[in-house]
Amino acid sequence: MIDYASLDERLAEREAAQLYRRRKLIHSPQGVEINLQGKTALNFCSNDYLGLANHPELIKAFTSAAKEYGVGSGAAHLISGHSQHHHQLEEELAEFTGRPRALIFSTGYMANLGVISALFGQGDAVFEDRLNHASLLDAGLLSRARLQRYQHNDVSDLENKLTSSNSDNKLIVTDGVFSMDGDVAPLKELATLAQQHNAWLMVDDAHGLGVLGDHGGGCLQQNDLTLDDVPILMGTFGKALGTFGAFVAGHESMIETLIQSARSYIYTTALPPAVAAATRVALRLVQQESWRRDQLNHLIKQFRQGAEQLGLSLMSSASPIQPLLIGDTAKTVNISQQLLDDGILISAIRPPTVPDGTARLRITLSAEHQQHHVERLLDSLQKVLKP
Ligand SMILES: *Cc1c(COP(=O)(O)O)cnc(C)c1O
């Protein structure tokens, strides 16, 4: 007999600690106003930073590619699943990122697992920021390289760890924009350190791509970092680009190595071609419509000024991720519920997603928000947090 009772016991413990996770059922597309089983709420927690997930041009490209190519890709890229839309998207991504080549993965999680475990293994050394995304930490463990975590954005802690490593094949890996804090990694210093120690540098720019940089090229474009500075760039389609999937960009030999040996690339079905087709349109809009980034920047400024006036404890973030640190888990869950009762959707982010004692409201802004939406958010925060 399988012991389901012990699972139930652990679930009950989780519930008692306010750590139980529940899914909210959504009855509408992503957008500023979202329908939660008949109740409308203002959405301040999606990663659709530029408001492209429900954009008519993306929907048009998606449906017309589905008519031409069907729904499923039918196979992995190396079998018969690599369509013209995938191929062109890869070429466009290479051009967009200023890298020789790009390779599509089915998700960002899989891209991170695939890259790190294909390029690094036993005897190698992987250095990760403590606050890196879970997929990067899992990738480090899966690779079987020696995984060391350095203090968040602490270049001198990293330097000490690099100096005492005697591995010949080293990787430094960091989020570009940190997903739960919204701050940006010290990329120039990391690039210099990587070169001094002859280490690879990998940046996961899931939250910077489309949002930062003059043409939405992300934190590498913002910091003028070349292929030599950052040999491995990973980006996702599920956030600012509004679709689904991910890519890795870099040197020809690196990409070919991934095609030959990244297991999460080889042993999985290719994205639907229609998703690739919609992503191509998103990539064009990201570059052409800089008003979306301008609008975001206005909203970020408005929110920070307003929150400061209310005396709320903001984190040092210039990105659309504007978390409010609460600390206590139960309190955070309670505040999130009160906000929802007031028509504002912001999810409570709890351990282990963030370190113990740092539960928070992860507020995110989108280019589709208007000034009055942010005013409404600030009013509601005042009611709930500063009654
Ligand atoms: C969302 C995210 C991922 C995972 O990407 P998916 O395509 O959703 O699997 C990886 N890294 C970071 C930093 C992310 O925020």
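All of these numbers come straight from a predicted model, not from anything done at the bench. (Residues numbered from 1 in each chain as written. Predicted model: local features only at pLDDT ≥ 70, side-chain atom pairs only at ≥ 80, totals over all residues. Heavy atoms only, no water.)

**So, the overall build of the protein chain**
- Within the protein chain one finds 15 helices and 13 strands.
- The globule rule puts the C-alpha radius of gyration for 387 residues at 21 Å, and the 21 Å found for the protein chain is close to it.
- Considered along the principal axes of its C-alpha atoms, the protein chain spans approximately 60 × 60 × 55 Å.
- Considering only intrachain contacts with a sequence separation of at least 6, the fraction spanning at least 24 residues in the protein chain is 70%.
- Accessible area of the protein chain: about 17,800 Å², with a carbon and sulfur share of 49%. (Helix = DSSP H or I, 4+ residues; strand = E, 2+ residues; numbered from the N terminus. Rg over C-alpha atoms; globule rule 2.2 N^0.38 Å. Contact = heavy atoms within 4.5 Å. Areas by Shrake-Rupley, 256 points an atom, 1.4 Å probe, with all protein chains shown as cover.)

**Some thoughts on the sheet that holds strand 13 (residues 359-364)**
- Read from one edge to the other, the open sheet built from three strands follows the order 10-13-12, with strand pairing classed as antiparallel. Edge strands, defined here as strands with exactly one partner in the open sheet, are strand 10 (321-327) and strand 12 (348-349).
- When strand 10 meets strand 13, the two strands line up antiparallel, connected through six bridges. Residue pairing for strand 13: Leu 325 is matched across the bridge by Arg 360.
- Packed onto the sheet, helix 14 (residues 329-341) meets strand 10, strand 12 and strand 13 and runs at close to 35 degrees relative to strand 13. (Pairing = 2+ DSSP bridges. Axes fitted to C-alpha atoms, helices over the stretch in contact; angles between N-to-C directions.)

**Re unusual backbone geometry**
- Put simply, Pro 351 and Pro 352 share a cis peptide bond, and its omega is 5 degrees.
- On the secondary structure map, Pro 352 appears in the loop between strand 12 and strand 13.
- The phi dihedral of Gln 37 is positive, around 45 degrees, even though this residue is not glycine.
- Relative to the assigned elements, Gln 37 resides in the loop between strand 1 (33-36) and strand 2 (39-43).

**Observations regarding the site of the ligand**
- The ligand sits among 14 residues. The nearest are Gly 108, Tyr 109, Asp 204, His 207 and Lys 239.
- Gly 108 is positioned with one of its backbone polar atoms (N or O) 2.7 Å from an oxygen atom of the ligand.
- Here an oxygen atom of the ligand sits 2.6 Å away from a polar atom, N or O, in the side chain of His 207.
- In isolation the ligand offers 380 Å² of accessible surface; the protein chains occlude 83% of this area.
- Here the element with the most residues in the shell around the ligand is helix 5 (residues 108-119); it accounts for three residues.
- The class makeup of the residues in the shell around the ligand is two nonpolar, nine polar and three charged. (Near = heavy atom within 4 Å. Polar contact = N/O pair within 3.5 Å; in protein donor to acceptor, adjacent residues only side chain to side chain. Nonpolar A, V, L, I, M, F, W, Y, C, P; charged D, E, K, R; others polar.)

**Section: a nonpolar patch on the surface**
- On the surface, Ile 2, Tyr 4 and Leu 7 cluster together into a nonpolar patch covering about 330 Å² of accessible area.
- Within the secondary structure, Ile 2 is located in the segment before helix 1 (4-16). (Patch = residues over 30% accessible without salt bridge, like charges linked within 9 Å, V, L, I, M, F, W, Y side chains within 5 Å. Salt bridge = Lys/Arg side-chain N within 4 Å of Asp/Glu carboxyl O.)

**What to know about the domain arrangement of the protein chain**
- What the domain assignment lists for the protein chain is domain 1 (20-50 + 290-385) and domain 2 (56-288).
- Computed over C-alpha atoms, the centres of domain 1 and domain 2 are 26 Å apart.
- The interface is formed by 21 residues belonging to domain 1 together with 21 residues belonging to domain 2.
- Around 1,500 Å² of area is buried between domain 1 and domain 2 when both sides are counted, 58% of it from carbon and sulfur atoms.
- Among the residues domain 1 hides against domain 2, the three largest losses belong to Tyr 49, Leu 50 and Arg 293. Together they make up 32% of the total.
- Along the contact surface separating domain 1 from domain 2 lie one salt bridge.
- Between Arg 360 and Asp 181 there is a salt bridge; the shortest N-O distance is 3.1 Å.
- Linking domain 1 to domain 2 there are nine residue pairs in polar contact (both at pLDDT 80 or more). (Domains from an automatic or database assignment. Buried area = accessible area lost by both parts, 1.4 Å probe.)

**Comments concerning the packing of helix 7 (residues 155-163) against helix 8 (residues 187-196)**
- Running from N to C, helix 7 and helix 8 point in directions that differ by 10 degrees, and their axes come no closer than 11 Å. Between helix 7 and helix 8, the angle is such that the two are roughly parallel. For the pair helix 7 and helix 8, contact is made by Val 155, Leu 158, Glu 159 and Leu 162 and by Glu 189, Leu 190, Leu 193 and Gln 196, respectively.
- When the residues that make up the contact of helix 7 with helix 8 are grouped by side-chain class, the tally is five nonpolar, one polar and two charged. (Parallel < 35°, antiparallel > 145°, perpendicular 65-115°, else oblique.)

**Observations regarding the side chain of Ser 135**
- Along the chain, the position of Ser 135 falls in helix 6 (residues 134-143).
- When its relative accessible area of 1% is taken as the criterion, Ser 135 is described as buried.
- Not counting chain neighbours up to four residues away, the residues in contact with Ser 135 comprise Tyr 109, Asn 112 and Leu 113. (Buried < 20%, exposed > 50% of the residue type's maximum accessible area, 1.4 Å probe, protein only.)

**Focus on the packing of aromatic side chains**
- Applying the stated criterion across every chain yields a total of three aromatic pairs.
- Note on Phe 105 and Tyr 265: the rings are 5.5 Å apart at their centroids and 65 degrees apart in plane angle, and the pair reads as edge-to-face. Of this pair, Phe 105 sits in strand 3 (residues 101-105) while Tyr 265 is found in helix 11 (residues 263-266), placing the two residues 160 residues apart along the sequence. For the pair Phe 105 and Tyr 265, a shared accessibility class is recorded, and that class is buried. (Phe/Tyr/Trp six-rings, centres within 6.5 Å; stacked < 30°, edge-to-face > 60°.)

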